[in-house]
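Coordinate analysis (summary)
As a plain string of letters, each chain reads:
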Amino acid sequence: MNNLLVVGFLAILSSTVSGFEFITEPEDVYVYAGETTTLECSFSNPEGAAYILNWYRGGASKDIESPLYPRYSYVDPDRETSYIYDIKIIDAQLEDDDDWFCEIDTASPPIRSGEATLSLAMPIQSAFFTKDNETDYQPGEDIDFLYNEEGIISCTTTNSNPPTDIKILKVGDGELVELPLEEAYITDGSTEKSYNTMVTATIEKVWKKDNGYSLICQVEHLGETYEYNATMNVMYDPVINDLPMKIDAIRGTLFKQSCDADGNPTPSYVWYKDNASYSEQQQLTFDSAKDADTGEYHCTAENSLGMGTSSVMELTVVDGASTIAASITTVLFTLILARMVSS
């Protein structure tokens, strides 16, 4: 007879020997260190047949009532007649992290429940972002991206059990985008039976409008959701605004002209007069314009990514309306005085 058929026949036979049949069986469970959990095992015994119920951990029988296992106990004091052999495990420890099953030992072949794994749960120890597989960033930090280029962003959680489920979200201006992820990469943690989980997403093109957007590492672990945030810092070289081609400064008065540029990091500015460096301020200022200030001006804006240069501005210092009016008055007075003398 086929060996597989024999094994299957014996399994069916053993599950119904003397009318024994499992009602509840242990199920996989996670429990944090120091907490309490319960493993279920109950069965029917309609014929009242004699039996012995044993629990097994890691393939070895454990006498739940033995002083050797003070953290283990049966839940139902009437278990011999109720056939409910649920066990309570208090102050869960790493040694409890194993495969468990219960077995009904009768005169016939033993009847074994399904096997369940009790796993010692471990909380997430830390989470962090990684940019371009090179630079790590902690939650709350700014992550540098280059405008108009690809950006690779990873999120990693450490030393958890079980491994975490992670999403990476990009949020800003009322927009929420879940980034497509590569397959999660799971490695052993630094503590026994713990895991590091890393997922990676590629932002195919980074835009200036992404500057200030949030990146959220959204983590699911044992029914709880955790979020770790970072901010996109989109970097680009300065784009400088043109200056007016011609501009007048009124002699003897205050004159201001700003050099404006859009760049990240914030650019530094230099003004030039007739191609010679003149000022390292963003704003060109004359407290009292004079003829010597007349000339051709331009400015530059520079950051770590590049430099922008403005158009040339021709500045002329001229008389103001009050000066012209005073001159006219003087001329008229001179003419009148001359006429009076000649007459």
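A brief structural summary. Just so you know, these numbers come straight off a predicted model, no measurement behind them.

Scanning the protein from N- to C-terminus turns up three helices and 30 strands. Sorting the 343 residues of the protein into buried and exposed places 39% on the buried side. Summarising the internal contacts of the protein: among those between residues at least 6 apart in sequence, 62% fall at separations of at least 24. Working note: accessible area of the protein is about 19500 Å², and carbon and sulfur atoms make up 51% of it.

On to the pairing of strand β17 (residues 175-178), then. Across four bridges, strand β16 (residues 165-172) lies against β17 in antiparallel orientation. If you follow V171 over to β17, its bridge partner there is L176. A loop of two residues connects β16 with β17, the two strands running antiparallel in sequence, and D173 in this loop sits at a positive phi of about 50°.

The next thing to look at is the nonpolar core. The biggest cluster of nonpolar side chains holds 26 residues, and the ones touching the most others in it are L39, F43, Y51, L53, W55, W100 and I104. For this core, the secondary-structure elements that each account for two or more residues are β2 (29-32), β5 (52-57), β7 (72-74), β8 (87-89), β9 (98-105) and β11 (116-121). The greatest single-element share of this core, amounting to three residues, is contributed by β9. Sequence-distant contacts of L39, defined by excluding residues within four places in its chain, comprise E27, V29, W55, D86, I87, I89, W100 and L118. Membership of the second largest hydrophobic core comes to 24 residues, among which are I124, F129, I203 and Y236.

A few words on the pairing of strand β25 (residues 268-273). In the sheet, β25 pairs with strand β28 (residues 295-303) via six bridges, with the strands oriented antiparallel. Among the inter-strand pairings, K273 is bridged to a residue of β28, identified as Y297. Pairing between β25 and strand β26 (residues 276-279): three bridges, direction antiparallel. From the neighbouring strand, Y272 faces β26, where its bridge partner is S277. Hairpin connection of β25 to β26: two residues between the antiparallel strands, including D274 at a positive phi of 50°.

Overall, the coordinates contain 14 salt bridges when judged by the stated rule. With a closest N to O distance of 3.5 Å, R112 and E103 form a salt bridge. Classification of R112 as exposed rests on a relative accessible area of 52%. Judged by its relative accessible area of 8%, E103 is buried. Close ionic contact of K290 with D293 constitutes a salt bridge, the shortest N to O distance being 3.7 Å. Of the residues examined, K290 reaches a relative accessible area of 46% and is grouped as partly exposed.

Throughout the structure, instances matching the rule amount to 18 aromatic pairs. Its guanidinium or amino end placed over the ring of Y147, K208 lies 5.2 Å from that ring's centre, counting from NZ or CZ. Above the face of the Y236 ring, K208 is positioned so that its terminal group lies 4.6 Å from the ring centre.

Paired through their backbone hydrogen bonds, the strands of a sheet run either parallel or antiparallel. Spatially, three strands are ordered β3-β8-β7 in an open sheet, and the strand pairing comes out antiparallel. Each of the sheet's edge strands pairs with one partner strand only, and the pair in question is β3 (37-39) and β7. Shown here is a sheet whose adjacent strand axes are inclined to one another by a mean of 30°, direction ignored. For β3 and β8, the ladder comprises three bridges, and the chain directions are antiparallel. Note on β8: the bridge partner recorded for T38 is K88.

What follows is about the state of the cysteines. Tallied over the entire structure, the rule returns three disulfides. Note on cysteine connectivity: C41 is disulfide-linked to C102, with sulfurs 2.1 Å apart. Here the S-S torsion is close to 90°, and the disulfide linking C41 with C102 is therefore right-handed. Of the two residues, C41 sits in the loop between β3 and β4 (42-44) while C102 sits in strand β9, which places them 61 residues apart along the sequence. In this structure, C41 and C102 share a single accessibility class: buried. Here C259 engages in a disulfide with C299; their sulfurs sit 2.1 Å apart. When the S-S torsion is 85°, as for the bridge of C259 with C299, the disulfide is right-handed. Residue C259 is located in the loop between β23 (255-258) and β24 (261-264), and its partner C299 is located in strand β28; the two are separated by 40 residues in the primary sequence. Across the pair, C299 and C259 agree in class, each one buried. Sequence-ordered numbering of the bonded cysteines in the protein yields a pairing of 1-2, 3-4, 5-6.

What counts, and at which threshold
Throughout, residues of each chain are indexed from 1 in the direction in which the sequence is written. Owing to the predicted nature of the model, reporting of local features is limited to residues with pLDDT of at least 70; listing and counting of side-chain atom pairs is limited to 80 or more, with chain, interface and lining totals taken over all residues. With hydrogens and water excluded, all non-hydrogen atoms of the structure serve as input to the side-chain values. In DSSP terms, a helix is any run of H or I states spanning at least four residues, a strand is any run of E spanning at least two, and both are numbered starting from the N terminus. Partly exposed describes any residue whose relative accessible area lies between the buried limit of under 20% and the exposed limit of over 50%, with all areas from a 1.4 Å probe on protein chains only and scaled to the type maximum. We call two residues contacting when some pair of their heavy atoms lies within 4.5 Å. Computed with a 1.4 Å probe, the accessible areas rest on the Shrake-Rupley method; for each residue, only the protein chains presented here act as cover. Between any two strands, pairing holds if DSSP finds at least two bridges. Take the buried residues of types Ala, Val, Leu, Ile, Met, Phe, Trp, Tyr and Cys, join any two whose side-chain atoms come within 4.5 Å, and each joined set is a nonpolar core. Salt bridge, as used here, is a side-chain nitrogen of Lys or Arg placed within 4 Å of a carboxyl oxygen of Asp or Glu. For Phe, Tyr and Trp, rings pair up if their centres lie within 6.5 Å, where Trp contributes its six-membered ring, and each pair is then called stacked (planes under 30 degrees apart), edge-to-face (over 60) or tilted (otherwise). Think of it as a cone above the ring: NZ of Lys or CZ of Arg counts as a charge over the ring if it is within 6 Å of the ring centre and within 35 degrees of the ring normal. Axes here refer to lines fitted to C-alpha atoms; in helices the fit is confined to the stretch in contact. Angles between the N-to-C directions go from 0 to 180 degrees. A pair of cysteine sulfur atoms is labelled a disulfide when the two atoms are within 2.5 Å.

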